[in-house]
Amino acid sequence: MSTCDDLAPQLLEKIKEWNAQALNKLRDCYFRMGVNLLKKEKCLEMEAQDICAAFFEKLWIKFTRENGWKIEDFKSYFSTSIIRQWAKKQKKEQHVSFDDFLLLKEDLFYENDTEQEHLLKLMERGLEILKNKNPKCWELLDRFYRGDQSMKEIAEAMGYSSENVARTTKNRCMDYLKEIIKNLDQK
Amino acid sequence: MNPYQEELDRLFRGEMPREERLSFFKRMETEPELAEAFRFQETMILALSNKTSRENYEKAERAEGGKSLRTKRLPRLYIYGIAASIALIGLVFIWQYLFSGSQFPDGISYELRPMSEVKGSGTEGLIAFPKSVGDYQQNLDFFVKGSDSIPITHNLTRQETLRRYYAGINYLYAPAPLKNLEKAEKYLSETAEYGEEINDRWAAWLQLSLLYYEKGDQDRAIQALQEVTKYDTNPENKYYQIALKNLKIISPKR
């Protein structure tokens, strides 16, 4: 059976082809390891999760948009990157007292705090609301976009009468999510 | 429905050949709606993946005995410091509640008028933070009655959310013999789980963290604060600020 380390090179190649499921698989393989590694470096669990999440977001942006990326040993690259990021963050914190830190305008977790990052946070909140208000919608989107299931498989698993009905429902769920995001953004 | 949905799905599943992909990106330069739809979908996929990774991580850690949340026993002096901080935060809440008029502890959109809609006209006096045991009793009679009569089978409406939230904090802050942490936990947990808006849920989690801390359950106090910080890392958000500050105070010292 292939290990994550064996699979990583293929997954990275698939990410270059815009395969988001490959990114999910890579995350599933390494996210927990990354968080636990940072915790050993005395990073708070929540901060560790943020650093790891940011790594995979940046990886996606780089690999899909820039040519020539090649990582021979993903595990080492990942470990080094997140530890470096944690060290950088600690260094910044040393220069300010904790109270000052709370008042800082810049976001220390995301150095390049762009509109994309804002959208991402907004989307995470929107998905949380969707999950609470309409768990079936959430499940459908999760199965399709994260779980790599086909519409046929989803229809069977979730009890839709056909593939088409599942597809139409998915599109409605996307519209519903858009509405949630729009409302959140207006607030 | 988004007219580009099918193309976008093919793109993000890695099913679009390179040539088609390049022409798709070229089209984005002249079709702003396509560019917007692309951006929305990419962000959604990243956020979905991010959220699930965090949840899977937490499940896995819990399955292994919640190692991640285990904490060390704190020295007595440190506990006094924490207690003082928490009391101070409580005082800030009460201060805001009493004197701001239009704001309930840090962030919940709250005005006298919507509360009077909850309670009926002419009863705004009860909205101010109770000053005597009698006021607490009066509040509890109202909020608890209202909360118990509504079974939770769905996300709470605004009124249901506020009733439960107030029932919870009245039980939490009331003096003995009205104080009842178990009941406070019940109502605040329901708000945290089913509250109408995410801000309501965060407010409830913050109160729950104080409650757990008071009960001596430091692990759950940390978990409650993490619920707030998990989905919002905006340093300008007050919920985030308070939760992060409390987390740093009550988490094991580095």
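About the criteria used
Residues numbered from 1 in each chain as written. Chains lettered and ligands numbered in written order. Predicted model: local features only at pLDDT ≥ 70, side-chain atom pairs only at ≥ 80, totals over all residues. Helix = DSSP H or I, 4+ residues; strand = E, 2+ residues; numbered from the N terminus. Buried ≥ 20, exposed ≤ 12 C-beta atoms within 10 Å, placed from the backbone. Contact = placed C-beta atoms within 7 Å. Nonpolar A, V, L, I, M, F, W, Y, C, P; charged D, E, K, R; others polar. Core = buried A, V, L, I, M, F, W, Y, C linked by C-beta atoms within 7 Å. pLDDT = per-residue confidence, 0-100. Axes fitted to C-alpha atoms, helices over the stretch in contact; angles between N-to-C directions. Parallel < 35°, antiparallel > 145°, perpendicular 65-115°, else oblique. Expected span 1.5 Å × (residues − 1). Bend = angle between axes of the 7 residues up to and from the residue. Arc of directions from axis to C-beta.

**Student:** Which residues make up the overall build of chain A, and what values do they have?
**Tutor:** Secondary structure summary: chain A contains nine helices and zero strands in total. Reading the helices (α) and strands (β) of chain A from amino to carboxyl end gives α-α-α-α-α-α-α-α-α. Burial status across chain A gives 33% buried among its 187 residues. Here the analysis covers contacts within chain A between residues at least 6 apart in sequence; of these, 55% occur between residues at least 24 apart.

**Student:** Quick one: what's the story with the overall build of chain B, residue by residue and with numbers?
**Tutor:** A tally of helices and strands in chain B yields 11 helices and zero strands. The linear arrangement of helices and strands in chain B, starting from the amino end, is α-α-α-α-α-α-α-α-α-α-α. Considering only contacts within chain B whose residues lie at least 6 apart along the sequence, 51% involve residues at least 24 apart.

**Student:** Before we move on, could you go through the environment of valine 144 of chain B and cite the residues and values that matter?
**Tutor:** All names here are of chain B. Within the secondary structure, valine 144 sits in helix 6 (residues 133-148). By C-beta crowding, valine 144 is classed as buried, having 20 other C-beta atoms within 10 Å. Considered as a pair, valine 144 and alanine 167 are 23 residues apart in the sequence and their alpha carbons are 5.6 Å apart.

**Student:** Describe the interface of chain A and chain B, naming the residues involved and giving the relevant values.
**Tutor:** The interface of chain A with chain B comprises 48 residues on the first partner and 42 residues on the second. Partitioning the side of chain A that touches chain B into residue classes produces 23 nonpolar, six polar and 19 charged.

**Student:** Please provide a residue-by-residue account of the nonpolar core, values included.
**Tutor:** Counting 54 residues, the largest nonpolar core has Leu23, Cys52, Trp60 and Met123 of chain A together with Ile45, Ala47 and Leu48 of chain B as the members making the most contacts within it. The element contributing the most residues to this core is helix 3 (residues 45-65) of chain A, with nine residues.

**Student:** A description of the confidence of the model for chain A should follow, citing residues and the corresponding values.
**Tutor:** Summarising the model, chain A shows a mean pLDDT of 81, and 86% of its residues fall at 70 or more. A low-confidence stretch, residues 94-113 of chain A stays under pLDDT 50, and its non-local contacts, those more than four residues away or across chains, total 19 contacts.

**Student:** Give a detailed account of the packing of helix 1 (residues 4-16) of chain A against helix 3 of chain A, specifying residues and quantitative values.
**Tutor:** Residues and elements named next belong to chain A. Helix 3 packs onto helix 1 with a crossing angle of 65 degrees between their chain directions and a minimal axis gap of 7 Å. Our classification of the angle between helix 1 and helix 3 gives roughly perpendicular. Along its contact with helix 1, which presents Leu12, Ile15 and Lys16, the element helix 3 presents Trp60, Phe63 and Thr64. Looking at the contact of helix 1 with helix 3 residue by residue, the class counts come to four nonpolar, one polar and one charged.

**Student:** Account for the packing of helix 7 (residues 135-146) of chain A against helix 9 (residues 163-186) of chain A, naming residues and giving values.
**Tutor:** Residue and element names in this part refer to chain A. Packing of helix 7 against helix 9 brings their axes to within 9 Å, and their N-to-C directions diverge by 110 degrees. With respect to helix 9, the element helix 7 is oriented roughly perpendicular. Along its contact with helix 7, which presents Cys137, Leu140, Leu141 and Phe144, the element helix 9 presents Thr169, Lys170, Cys173 and Tyr176. The residue inventory of the contact of helix 7 with helix 9, partitioned by class, reads six nonpolar, one polar and one charged.

**Student:** Lay out unusual backbone geometry with the relevant residues and their values.
**Tutor:** All names here are of chain A. Look at tryptophan 18: it is not a glycine, yet its phi comes out positive at around 70 degrees. Within the secondary structure, tryptophan 18 is located in the loop between helix 1 and helix 2 (20-40). In this model, lysine 42 sits at a positive phi of 70 degrees, which is unusual for a non-glycine residue. Considering the arrangement of structural elements, one finds lysine 42 in the loop between helix 2 and helix 3.

**Student:** Explain helix 1 of chain A to me, using residue names and the numbers behind them.
**Tutor:** Residues and elements named next belong to chain A. A rise of 1.5 Å per residue sets the reference length of helix 1, with its 13 residues, at 18 Å; its end C-alpha atoms lie 18 Å apart and thus fit the reference within 8%. Maximum bend of helix 1: about 25 degrees, positioned at glutamine 10. Once helix 1 finishes, tryptophan 18 follows within two positions and takes phi at roughly 70 degrees, a positive value.

**Student:** Requested: an account of helix 1 (residues 5-12) of chain B, with residues and values cited.
**Tutor:** Along helix 1 of chain B, the positions that sit buried rather than exposed are Leu8, Leu11 and Phe12 of chain B. Projected down its long axis, helix 1 of chain B shows its buried positions confined to an angular sector of 85 degrees, all on one face. On its buried side, helix 1 of chain B packs onto helix 2 of chain A together with helix 2 (18-30) and helix 3 (32-63) of chain B. Looking one or two residues beyond helix 1 of chain B, the residue adopting positive phi is glycine 14 of chain B, at roughly 70 degrees.

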